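# Close look at the chain arrangement
The chain contents come next:
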Amino acid sequence: MELIREQLMYKSNTLHVCVSKLTRQEQYDFLRLVMATRKEGVTFCYDNSNQYVTCLLEKIGLERTKDQHP
């Protein structure tokens, strides 16, 4: 989670996050970080994750990609 935070706050490169690999608390932290920092260049994928978080991520404009990590 610290690496995700660092990438969102201090870097401008692209970032892909597999939400299903995060704990439930980390999913909410990721959502808060994205809303507070940037959405440009950030994509996410999920498989059976918290539907509430993934719905909010889509609504704020993050691009959802197919789950790349089975």
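Residues numbered from 1 in each chain as written. Predicted model: local features only at pLDDT ≥ 70, side-chain atom pairs only at ≥ 80, totals over all residues. Heavy atoms only, no water.

### What about the overall build of the protein chain?
Rules: Secondary structure elements follow DSSP: runs of H or I no shorter than four residues count as helices, runs of E no shorter than two count as strands, and numbering proceeds from the N terminus. Every radius of gyration here is taken over C-alpha atoms, with the globule rule written as 2.2 Å times N^0.38, N being the number of residues. When a residue's accessible area, from a 1.4 Å probe over protein chains only, is under 20% of the maximum for its type it is buried; when over 50% it is exposed; and in between it is partly exposed. Contacts: residue pairs with any heavy atoms within 4.5 Å of one another. Surface accessibility in these figures is a Shrake-Rupley result with a 1.4 Å probe; residues are shielded only by whichever protein chains are displayed. In this count, Lys and Arg are taken as positive residues and Asp and Glu as negative ones, while His and the chain termini are left out. Every charge is mapped onto a representative atom, which is NZ of Lys, CZ of Arg, CG of Asp or CD of Glu.
Helix and strand content of the protein chain: three helices and three strands. What you see in the protein chain, going N to C, is helices and strands ordered as α-β-α-β-α-β. Its C-alpha atoms give the protein chain a radius of gyration of 11 Å, near enough to 11 Å, the size a compact globule of 70 residues would have. In terms of its C-alpha atoms, the protein chain occupies a principal-axis envelope of roughly 30 × 20 × 20 Å. Within the span of the protein chain, comprising 70 residues, buried residues form 37% of the whole. Here the analysis covers contacts within the protein chain between residues at least 6 apart in sequence; of these, 58% occur between residues at least 24 apart. Carbon together with sulfur atoms contributes 50% to the accessible area of the protein chain, which is approximately 4500 Å² in total. Looking at charge distribution, the protein chain has the averaged site of its 10 positive side-chain charges lying 3 Å from that of its 9 negative ones.

### Observations regarding the nonpolar core
In plain terms, the rule: Within this scheme, the nonpolar core is defined by two criteria: the residues are buried Ala, Val, Leu, Ile, Met, Phe, Trp, Tyr or Cys, and they are joined through side-chain atoms within 4.5 Å.
In this structure, Ile4, Leu8, Phe30, Leu57 and Leu62 are the most contacted members of the largest nonpolar core, which totals 16 residues. Elements supplying a minimum of two residues to this core: helix 1 (2-10), strand 1 (15-18), helix 2 (24-36), strand 2 (42-45) and helix 3 (51-59). Here this core takes four residues from helix 2, the largest share from any one element. When neighbours within four sequence positions are excluded, Leu57 is seen to be in contact with Val19, Phe30, Leu31, Phe44 and Leu62.

### Structural notes on the state of the cysteines
Cut-off, in case you're wondering: When two cysteine sulfur atoms are found within 2.5 Å, that pair is recorded as a disulfide.
A complete count under the given rule lists zero disulfides for this structure. For the unlinked cysteine Cys45, the closest cysteine sulfur is that of Cys18, found at 3.3 Å. Residue class for Cys45 comes out buried when judged on its relative accessible area of 0%.

### Points about the sheet that holds strand 1
Rule in force here: Two strands make a pair as long as DSSP finds a minimum of two bridges between them.
Taken in spatial order, the three strands of this open sheet run 1-2-3, and their pairing is parallel. Of all the strands in the sheet, the pair left with one neighbour each is strand 1 and strand 3 (63-64). The sheet contact formed by strand 2 and strand 3 spans two bridges and is parallel. Within the sheet, the bridge partner assigned to Thr43 lies in strand 3 and is Glu63.

### Considerations on the confidence of the model for the protein chain
Note the cut-off: Each residue gets a pLDDT score, which is the predictor's confidence in that residue and runs from 0 to 100.
For the protein chain, per-residue confidence averages 86 on the pLDDT scale, and residues scoring 70 or more make up 93% of the total. The lowest-confidence element of the protein chain is helix 1, averaging 86 in pLDDT; the highest-confidence one is helix 2, averaging 92.

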